[in-house]
Amino acid sequence: MKRAHKHANNRPSMADRADFHALYEKSVQSPDYDVPFFAEYFENYTGRSLRLLREDFCGTAAMSAYFVTQHPENRAVGVDLDWPTLNWGIKHNVAPLTVDQQSRLTLIHGNVLDHHPSQVQLAMALNFSYMVFKDRPTLLQYFKRAKQSLQSGGMFILDIWGGSESQVLQEESREIDNSADDGIGDFTFIWDQDTFDPATYLCTMRMHFTFQDGSEMRNAFVYDWRMWTMPEVMELMNEAGFRDVHFLWEGTNRKTNEGTGTYHRVKKGEADLAWVAYIAGLNPNSD
């Protein structure tokens, strides 16, 4: 991770003072939206309230920590292989919880490809994290592990992105409102589609941040992924034993031709230049 320095009055630049995990959470995560959305979809689909959640590739465990605050019976399990990131989450997202809330949250420092008994109602892999698996046997192995973590009738959900612009080498900037009293203020999040190989769908994605004092944090996060397509993922989920594998597509405001931020089950997507969708599947048994 490289940072550009600006030493006005010998003070560290905003890039030097910024916490890259906090920047990530502010830029690409929204537990206050995601948790109610998944809980509502799960209840509408199964007729049961969502009380047991597993967050694979949980990172700083922001989703899991938020989930246990939403109901006194909510329990969550988070799994992540990177200890520094998980430890940051323990200090910043878990420590502020009450003793009771902490008792209902289990964080596992481990590989999602390994068996971690949980028997939850809903397991999820968000922010395209499963794209770290670059071949079909490994991704299939992960899907089988995710299925093993579920109760009978449990659901597995992941997100996926695509469209022609997802394969274009480009940088996309987005302004982030930051009301926190952290001395950083508003900043700019940059999504950098750095490399893409159409022969293998292997790609490199980077995250950068720039700040109001002109400093920048380059390569705060770098991802070496395989960009999986929706039919590939759905076929592998079916092969792993999930049933009723389907996807949720974002609605479109016909007046503005922009996304509504709400997702619904559909049978056919749209040929948008760039889209994000969710894929869901049901565990029909308790093996």
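Here, the structure is the one placed above.
Now for a quick tour of the structure. Every value quoted in this text rests on a predicted model; they were computed, and no experiment measured them.

1. Quick look at the sheet that holds strand β3 (residues 75-80)
Think of a sheet as strands paired side by side through backbone hydrogen bonds, with each pair either parallel or antiparallel.
Okay, so step 1: The strand order across the open sheet built from eight strands is β4-β3-β2-β5-β6-β13-β11-β12, with neighbouring strands paired in mixed fashion. Since the sheet does not close on itself, it has two edges, and those belong to β4 (105-109) and β12 (258-266), each with one partner. Sheet twist, expressed as the average angle between the axes of neighbouring strands with direction ignored, equals 20°.
Okay, so step 2: Inspection of the sheet shows strand β2 (residues 52-56) paired to strand β5 (residues 120-125) by four bridges, in the parallel sense. Along β5, the bridge assignment pairs Arg54 with Ala123.
Okay, so step 3: In the packing of helix α7 (residues 136-148) onto the sheet, the strands contacted are β2, β5 and β6 (150-162), and the crossing angle to β6 comes to about 140°.

2. Description of the environment of Ala22
Okay, so step 1: Within the secondary structure layout, Ala22 lies in helix α2 (residues 20-28).
Okay, so step 2: Along the sequence, Ala22 and Thr60 sit 38 residues apart, while their C-alpha atoms lie 9.3 Å from each other.

3. Thoughts on the packing of α7 against helix α8 (residues 230-240)
Okay, so step 1: In the contact formed by α7 and α8, the axes pass within 9 Å of each other and the chain directions differ by 55°. With respect to each other, α7 and α8 are oriented oblique. The element α7 and its partner α8 pack so that their crossing is right-handed. Contacts between α7 and α8 involve Arg136, Leu139, Leu140, Phe143, Lys144 and Lys147 on the former and, on the latter, Glu232, Val233, Glu235, Leu236, Met237, Glu239 and Ala240.
Okay, so step 2: Residue composition of the contact of α7 with α8, grouped by class: seven nonpolar, no polar and six charged.

4. A few points about the pairing of β6
Okay, so step 1: Burial within β6 is extensive, with 11 of its 13 residues counted as buried.
Okay, so step 2: Sheet topology places β5 next to β6; five bridges connect them, and they run parallel. From the neighbouring strand, Met124 faces β6, where its bridge partner is Ile157.
Okay, so step 3: Of the crossover connections in this fold, the one passing from β5 over α7 to the parallel β6 is right-handed.

Reading guide: rules and limits
- Residues numbered from 1 in each chain as written.
- Predicted model: local features only at pLDDT ≥ 70, side-chain atom pairs only at ≥ 80, totals over all residues.
- Heavy atoms only, no water.
- Pairing = 2+ DSSP bridges.
- Helix = DSSP H or I, 4+ residues; strand = E, 2+ residues; numbered from the N terminus.
- Axes fitted to C-alpha atoms, helices over the stretch in contact; angles between N-to-C directions.
- Contact = heavy atoms within 4.5 Å.
- Parallel < 35°, antiparallel > 145°, perpendicular 65-115°, else oblique.
- Left-handed = near helix turned anticlockwise from the far one by under 90°.
- Nonpolar A, V, L, I, M, F, W, Y, C, P; charged D, E, K, R; others polar.
- Buried < 20%, exposed > 50% of the residue type's maximum accessible area, 1.4 Å probe, protein only.
- Right-handed = clockwise from strand over helix to strand, strands pointing away.

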